[in-house]
Amino acid sequence: MSSDTSTRRLTVAQALVAFLARQYTERDGHRHRLINATWGIFGHGNVAGLGQALLESGTTGTSATSDTSDTGMPYFQGRNEQAMVHAAVGYARQSRRLSAQAVTTSIGPGATNLVTGAALATINRLPVLLLPGDVFATRPADPVLQQLEVPYAGDVSVNDALRPVSRYFDRVTRPEALIPAALQAMRVLSDPAATGAVTLALPQDVQAEAYDWPEEFFAERVWQVRRPRPDLDALDAARRALTAARRPLIVAGGGVHHSEAEEALRAFADATGIPVASTQAGKGSLPHDHPCDVGGIGHTGTATADELARTADLVIGVGTRWSDFTTASATLFQNPAVRFLNLNITAFDAHKMAGLSLVADARAALGELAGALGTRFRVEPAYATEYGDDKERWEHRVDAAFEADDQDTRPTQPQVLGALDTLVTGDDIVINAAGSLPGDLHKLWRARSADQYHVEYGYSCMGYEIPAAIGVAMAAPGRPVWALVGDGTYLMNPTEIVTAVQENIPIKVVILQNHGYASIGGLSESVGAERFGTAYRHRAPDRTYTGAPLPVDLAANAASLGMRVIRAKTVRDLREALAEARGADVPTCVYVETETADTVSGAPPAQAWWDVPVAETATRPSAVKAREEYDRQVAARRRHL
């Protein structure tokens with residue numbers, strides 16, 4: 001920093017935009033723009049502040065896929081505030097958290113629409129900068145349009161709803177307060193252990209207020225994204241635990257991808273022969289055809305990985321936060337002697353499962369643990385043969401689920417995935433978040449590259465896929481990006497199709513029409529709720545939703561929003577449609593009605609339990625039977641202490 005004492009007179013909004021344009025991250029000698037662009041929907045709470053500042057920055061026409069290296073701030077127009085956050089999160093994940101985007105909204109509903117997206121970002125440890133407008137700091141008129149009045153507190157606004165879902169929150173009530181707030185925001189966004197949603201609430205009057213800013217505030221800043229190394233004593237304890245293990249298992253989480261630790265994990269697996277299972281966020285940490293890759297783990301995992309988990313004596317979690325889907329609600333790891341070793345950059349996660357904690361960057365920790373082991377440890381050949389044979393058997397089950405003997409019939413959901421599986425290369429990126437697709441993908445998908453599999457399952461948010469695909473395509477221009485959505489998810493949030501059309505971002509949206517909430521329908525049946533309220537059908541005479549399917553044409557809806565649409569009625573049609581969509585240079589939708597698993601072969605059932613409480617008292621036989629099964633399963637729950 002220089003000792004320059006000159007100043008620049010700008011509004012708060014103008015100063016913030018100028019500041020953000022000069023922020024960079026650096027890791028391993030590679031520099032990235034920290035805030036690549038700003039999404040916005042304007043209203044009275046931000047139009048004259050950030051709206052005017054973004055206009056004045058002079059780069060509103062920047063390409064959606066350009067590498068922004070100048071001092072301007074590109075702007076992108078969204079249609080829904082939640083969706084704008086999803087797009088920014090997709091961009092951040094694809095950018096390995098080294099680059100992020102900002103989102104600006106007006107006050108009131110525009111601001112509260114950010115909450116779901118913010119929760120998703122924070123739960124998944126992904127950076128996004130939220131800039132909601134706020135009510136007047138000076139209160140010349142009180143209340144103003146869309147202001148929430150709180151009788152017991154004059155300093156509360158709807159933006160306070162963002163506090164619990166933000167990793168950092170501040171309200172900038174005076175111009176000079178922007179300086180420390182903006183610096184803290186950048187610190188959190190670039191901190192791999194602390195990142196998530198960051199909120200700077202900006203009162204609408206303060207946004208437009210001018211101030212003499214020190215030139216030093218606009219100096220270029222480079223935020224080092226650290227790779228902390230493990231403590232030597234903890235490293236030695238990890239080495240001793242590993243050398244004593246006979247049936248070790250690695251569980252790769254999203255931290256492997258965030259750290260770009262895939263090659264370090266591959267080298268570690270090659271050297272030790274330890275099998276590697278993956279969470280939803282960690283899938284692709286090893287390519288599907290690596291001998292040590294045993295697929296997804298937990299409730300939506302493979303039989304191979306889950307059987308290994310049941311007998312493992314040491315479970316090595318790398319960058320995972322141990323959600324209930326991964327642990328099968330604490331019923332999966334059944335070896336009485338099992339212990340956990342957690343390699344995680346966040347101490348909060350490293351201490352879970354009563355594990356030995358190696359608090360460090362995943363890549364650094366794997367490298368140093370491999371060095372500490374040297375050539376002194378490798379699993380027994382019989383263990384490697386065991387999981388190799390089991391993996392081969394599981395692959396036959398995948399082939400059976402993907403296979404369609406009759407090309408002229410309506411496909412099942414797994415057959416849709418099978419058709420896509422035969423088409424894609426390591427360049428393709430597949431995005432999903434909610435419904436029955438995450439389970440099928442986790443069990444069946446064959447990840448060909450480290451970033452091909454993009455399933456948001458920390459928050460499993462319906463409506464994430466389409467906007468996230470836009471963000472991913474911005475971060476990975478030229479690569480085929482697929483958003484896989486069911487009809488329920490599509491109806492939640494299709495509006496950003498308009499953005500893709502407007503910016504000519506050639507995402508490929510695959511709509512699977514099964515006339516309802518398929519995932520929750522199956523879950524409902526399993527817990528004795530008899531699929532109540534999960535079908536998209538007319539009411540029958542008995543007032544239940546069991547009549548004819550609703551005459552909703554989602555393909556026509558996508559076309560009305562400007563997308564090119566290809567309808568596929570059969571497996572043969574589907575293969576041709578997917579190939580055509582993959583080669584398209586405009587946003588393209590493939591619409592297909594799927595057959596249910598009740599009539600044809602579907603995906604293998606769950607290989608491990610998931611705890612969804614069942615009614616303890618009930619009169620309907622389905623619920624009574626479901627409770628009996630629940631009591632049997634819950635008896636296997638175990639606290640790892």
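Draft legend 1. Up close: the overall build of the protein. Counting its secondary structure elements, the protein contains 24 helices and 23 strands. Expected size for 641 residues packed as a compact globule is a radius of gyration near 26 Å; at 25 Å, the protein falls within 12% of this value. Across the protein, the fraction of contacts at a sequence separation of at least 24, relative to all contacts at a separation of at least 6, is 77%. Total accessible area computed for the protein in this model is approximately 25300 Å², and 52% of it derives from carbon and sulfur atoms. Taken together, the 60 basic and 74 acidic charged side chains of the protein have centroids lying 3 Å from each other.

Draft legend 2. Structural view of the packing of helix H1 (residues 12-20) against helix H6 (residues 178-189). At their nearest, the axes of H1 and H6 sit 11 Å apart, and the two run at 35° to each other. As H1 runs across H6, the sense of the crossing is right-handed. Note on element contacts: H6 touches H1 through Leu178, Ala182, Leu183 and Met186, opposite Val12, Ala15, Leu16, Phe19 and Leu20. Across the contact of H1 with H6, the residue classes tally to 9 nonpolar, no polar and no charged.

Draft legend 3. Here's a closer look at the sheet that holds strand E22 (residues 564-568). Here we have 6 strands laid out as an open sheet, ordered E19-E18-E20-E21-E23-E22, and parallel in their pairing. Both outer strands of the open sheet, strand E19 (453-455) and E22, are each paired with one neighbouring strand and no more. If you compare each strand with its neighbour and ignore which way they point, the axes differ by 20° on average. Across the sheet, helix H18 (residues 465-475) is in contact with strand E18 (429-432), E19, strand E20 (481-486) and strand E21 (508-513); its angle to E20 comes to roughly 175°.

Draft legend 4. Molecular detail of the packing of aromatic side chains. Summed over all chains, the structure comprises 14 aromatic pairs. Aromatic pair Tyr211 and Trp213: ring centres 4.8 Å apart, planes at 70°, arrangement edge-to-face. On the basis of relative accessibility, which here comes to 27%, the residue Tyr211 falls in the partly exposed class. When the centroid spacing of 5.6 Å and the interplanar angle of 55° are considered together, the rings of Trp609 and Tyr630 count as tilted. One end of the pair, Trp609, is in the loop between strand E23 (588-593) and helix H24 (621-634); the other, Tyr630, is in helix H24, and 21 residues separate them in sequence. Accessibility expressed as a relative area gives 14% for Trp609, which makes it buried. What makes Tyr630 buried here is its relative accessible area of 10%. One aromatic cluster is present, formed by Phe19, Tyr211, Trp213, Phe217 and Phe218 through successive ring pairs. Of note, Lys283 hangs over the ring of Tyr453, and the distance from its end group to the ring centre comes to 5.5 Å.

Draft legend 5. Fine view of a nonpolar patch on the surface. Residues Leu491, Leu550 and Val552 make up a contiguous nonpolar surface patch of roughly 230 Å² in combined accessible area. Mapped onto the elements, Leu491 comes out in helix H19 (residues 487-492). The exposure class assigned to Leu491 is partly exposed, which follows from its relative accessible area of 46%.

Reading the values: the criteria
Residues numbered from 1 in each chain as written. Predicted model: local features only at pLDDT ≥ 70, side-chain atom pairs only at ≥ 80, totals over all residues. Heavy atoms only, no water. Helix = DSSP H or I, 4+ residues; strand = E, 2+ residues; numbered from the N terminus. Rg over C-alpha atoms; globule rule 2.2 N^0.38 Å. Contact = heavy atoms within 4.5 Å. Areas by Shrake-Rupley, 256 points an atom, 1.4 Å probe, with all protein chains shown as cover. Lys, Arg positive; Asp, Glu negative; His and termini not counted. Charge placed at Lys NZ, Arg CZ, Asp CG, Glu CD. Axes fitted to C-alpha atoms, helices over the stretch in contact; angles between N-to-C directions. Left-handed = near helix turned anticlockwise from the far one by under 90°. Nonpolar A, V, L, I, M, F, W, Y, C, P; charged D, E, K, R; others polar. Pairing = 2+ DSSP bridges. Phe/Tyr/Trp six-rings, centres within 6.5 Å; stacked < 30°, edge-to-face > 60°. Buried < 20%, exposed > 50% of the residue type's maximum accessible area, 1.4 Å probe, protein only. Lys NZ or Arg CZ within 6 Å of the ring centre and 35° of its normal. Patch = residues over 30% accessible without salt bridge, like charges linked within 9 Å, V, L, I, M, F, W, Y side chains within 5 Å. Salt bridge = Lys/Arg side-chain N within 4 Å of Asp/Glu carboxyl O.

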